[in-house]
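Inside the fold
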Amino acid sequence: MSKIYTRDEVAKHNTEDSIWFIVDSKVYDVTDFIDAHPGGEFVLRQVAGTDATVAFYNLHRHEVLSKYEDLCIGTIEGEKPQVITPKPGDLSTVPYAEPVWLTPAYKSPYYNESHRRLQKAMRIFTDTHVTPEAQAREADGKYVSQELVNRWAEKGILHMRLGPGKHLHGVNLLDGAVKGEEFDYFHDLIMSQEGVRANARGFQDGSLAGMVIGLPCIMNYMKDERRKKAIMEEVFSGKKYMCLAITEAFAGSDVAGLRTTATKTPDGKHYIVNGTKKWITNGVFSDYFVTGVKTDKGLSVLLIERGEGVETKPIKTSYSPSAGTAYITFDNVKVPAENLLGEENKGIYVILSNFNHERWTMACATIRQCRTIVEECLKWSHQRLVFGKRLIEQPVIRQKLAKMIALCEANQAWLETITYQMCHMPYREQARHLGGPIGLLKMSATRAAHEIADEAVQIFGGRGLTQSGMGRVVEMFNRTYKFDAILGGAEEVLGDLGVRQAMRQMPNAKL
C-alpha cells in the first residue's frame, strides 16, 4: 500500500545503502535498481534525497515512470502529482496537439456525434491494442500478429479502412460506434488519423496497407461475383493477406513503363506471367497479388495467388522490416483468365481508380503525424533546460514552433475542405475534379512534413537522431517521412498532375 512521506524523511535516504528521490510528488526507492539503471549509478546518486522532478524530465519521457512504477513507494504529504498521465482514449490538452474539431473551445461544421463516437472508440482501441504491438514490432521487425489482425477483423476496422461503401452495410463497426450506412469520408479521415498515432511508420504500412490499396480493385473490377465475395470475406476476416504489385525497378510513377508480361495461352484459358516487382508493401507475407502486367496491346491487371513460380524476398528500407516490403519474382506463373480485373489492355483504369483514395489517405496520415511532432516539440521545449532557461523562452524556438503549427493547421484545413467535396461529389465527378487537388494536397503535406521534421530535429538536437529516449518519436518521423513523399506518387509527379488538371480548366483569360 502506498505510504505518505515528508520531504525531510526522503532527504535522509541519500546514503550508500538507501537511495530515494522525488519525481512529481511521488517517492521512488531505487536502492536495488541502481546497478540496473541504464544511465549508470552516478546519475541516481546525484539526486538521492532530493526532488529530482526537473532533472528527471530533462532526461526522460514521462512514460518511463509507468515502466518502473514498482519503484514508487509513496507520495509526499499534502501534495498531489501535477504531471498529466494520459489514459487510453484521452484527448491531449497540449495546444495544437488535436485538430480544431476535437478542441473544446472550437466548433466545426463537418463532424457530428457519430464522428465523435468513432474517434473515441478508435483512439481507445489504438492506445490499448495497437500501440504496444506497433512499438515492439517496429523494433524487432516481425510482422503484425494474427491476434491483432483478428481484433481488427472482429471490430470491422479492416472494412472501414477501405472507406465508405456497401461493404460496410450490416457490419459491426467498433461495437456500434457508427453504422455502415452512415459511414462517410470524415469517418474515413478519423480512421486514418487515429490509426497512425502509434508512431511506428514501418508497422503502419505492415498493418495490411496492401489490402487498403489492393482489395478495391477486386471489389470494383472482378467479374465473377461468387469469387469476389469469397475473396473479400477471406481478406476482411484476416484469413488471407493481399498487396498491390505495380511498381518495378523499371517503372514507378511511370506506370505505362511496366515490363512484367502476361501472355495468353493458345486456348485462352490462362495467362503466363513473367517479370519482377519491387518495393511492394506487404508482399513478403501476402497470399494475393493484384498485379499490373503488359498484355498484347496495353496494360492489364491480374489477381495472382501465391503458388508455383511466385517468389518473394524482403527488401531492407529506412523503416522497419515489419512493413513486409518485398521484391517479387513471377516465373512462368499460370493464372486463370477469369482472374483478369476489368478489361484486357485497359488496366490503367483499374490502377488509377483507387489513386485518389490512396493519396488522400496518405495525406490524412502525414498531417496527423506532423501534429504529433508539434506536440512532442511543445512538450520538450517546455521541459528542456538549456543555458539556465527552458527552450520555450528562446525566441528562435518559438519561431520554429510557429512555423510548424501553421503548416500543420493549414494542411488539416485543406484536407477537410477536400473531404467535404468527397462526401458530396459523385465518384465520376471526384475523378474529374479532385485528382489534381488531392495530388497537390499530398505534395503540400509531405513538403510540410519535410519542414517540420527539419525543425523538430533542430529543437531536439542529438536526441532527435536517437532511436530511443526523449527524441524517439522525432527520430522516427525524420527517418521515415520521405516514404509518404514517394509512395502513391512522387511529389513532383503529383504537383504536375495538379497544375495540368488546372490547365484543362483554364479559360481564355488575359492580364
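Residues numbered from 1 in each chain as written. Predicted model: local features only at pLDDT ≥ 70, side-chain atom pairs only at ≥ 80, totals over all residues. Heavy atoms only, no water.

1. Considering the overall build of the chain
Regarding its fold elements, the chain presents 19 helices and 15 strands. Its C-alpha atoms give the chain a radius of gyration of 26 Å, near enough to 24 Å, the size a compact globule of 511 residues would have. Taking the principal axes of the C-alpha coordinates as reference, the chain spans close to 90 × 65 × 40 Å. Buried positions account for 50% of the 511 residues belonging to the chain. In the chain, the share of contacts with a sequence separation of at least 24, taken over all contacts with a separation of at least 6, comes to 73%. Just so you have it, the chain exposes about 24,600 Å², and 54% of that area is on carbon and sulfur atoms. Both charge centroids of the chain, one from 63 positive and one from 62 negative side chains, sit 6 Å from each other. (Helix = DSSP H or I, 4+ residues; strand = E, 2+ residues; numbered from the N terminus. Rg over C-alpha atoms; globule rule 2.2 N^0.38 Å. Buried < 20%, exposed > 50% of the residue type's maximum accessible area, 1.4 Å probe, protein only. Contact = heavy atoms within 4.5 Å. Areas by Shrake-Rupley, 256 points an atom, 1.4 Å probe, with all protein chains shown as cover. Lys, Arg positive; Asp, Glu negative; His and termini not counted. Charge placed at Lys NZ, Arg CZ, Asp CG, Glu CD.)

2. Concerning the state of the cysteines
Here, the word disulfide means a covalent bond between the sulfur atoms of two cysteines. In the structure shown here, the tally under the stated rule is 0 disulfides. The closest cysteine sulfur to the non-disulfide-bonded Cys217 is located on Cys243, 11 Å from its own sulfur. Assessed through its relative accessible area of 3%, Cys217 is described here as buried. Cys423 provides the cysteine sulfur closest to Cys364, a residue in no disulfide bond, and the two sulfurs are 11 Å apart. Given the relative accessible area of 0%, Cys364 is considered buried. (Disulfide = S-S within 2.5 Å.)

3. Considering the pattern of salt bridges
For the structure shown, the criterion picks out 32 salt bridges. Linking Arg368 and Glu98 is a salt bridge whose minimum nitrogen-to-oxygen distance equals 3.6 Å. Of this pair, Arg368 sits in helix α13 (residues 355–383) while Glu98 sits in the loop between β5 (72–76) and α5 (113–140); the two residues are 270 residues apart in sequence, bridging distant segments of the chain. The burial state of Arg368 is the same as that of Glu98; both residues are buried. Measuring nitrogen to oxygen at the nearest pair gives 3.0 Å for the salt bridge that ties Glu491 to Arg447. With Glu491 in helix α19 (residues 491–504) and Arg447 in helix α16 (residues 435–460), this residue pair connects regions lying 44 residues apart in the sequence. Given a relative accessible area of 6%, Glu491 falls into the buried group. Linked by salt bridges that have partners in common, Arg61, Glu63, Glu376 and Arg472 make up one network. (Salt bridge = Lys/Arg side-chain N within 4 Å of Asp/Glu carboxyl O.)

4. Remarks on α5
Compared with the 40 Å implied by 1.5 Å per residue over 28 residues, the 39 Å span of α5 between its first and last C-alpha is a close match. Within α5, the axis deviates most sharply at Val130, by approximately 45°, and proline Pro132 lies no more than four positions further along. Phi for Gly141, located one or two positions after α5, is positive at around 80°. (Expected span 1.5 Å × (residues − 1). Bend = angle between axes of the 7 residues up to and from the residue.)

5. Brief notes about the packing of helix α8 (residues 185–195) against helix α14 (residues 395–424)
Two elements in contact, α8 and α14, have axes whose closest approach is 9 Å; the angle formed by their N-to-C orientations is 140°. Of the possible angle classes, the one that applies to α8 and α14 is oblique. From α8, Tyr185, Phe186, Leu189 and Gln193 reach across to α14, where they touch Gln412, Leu415, Glu416, Thr419, Tyr420, Met422 and Cys423. Tallied by class, residues from the contact of α8 with α14 come to 7 nonpolar, 3 polar and 1 charged. (Axes fitted to C-alpha atoms, helices over the stretch in contact; angles between N-to-C directions. Parallel < 35°, antiparallel > 145°, perpendicular 65-115°, else oblique. Nonpolar A, V, L, I, M, F, W, Y, C, P; charged D, E, K, R; others polar.)

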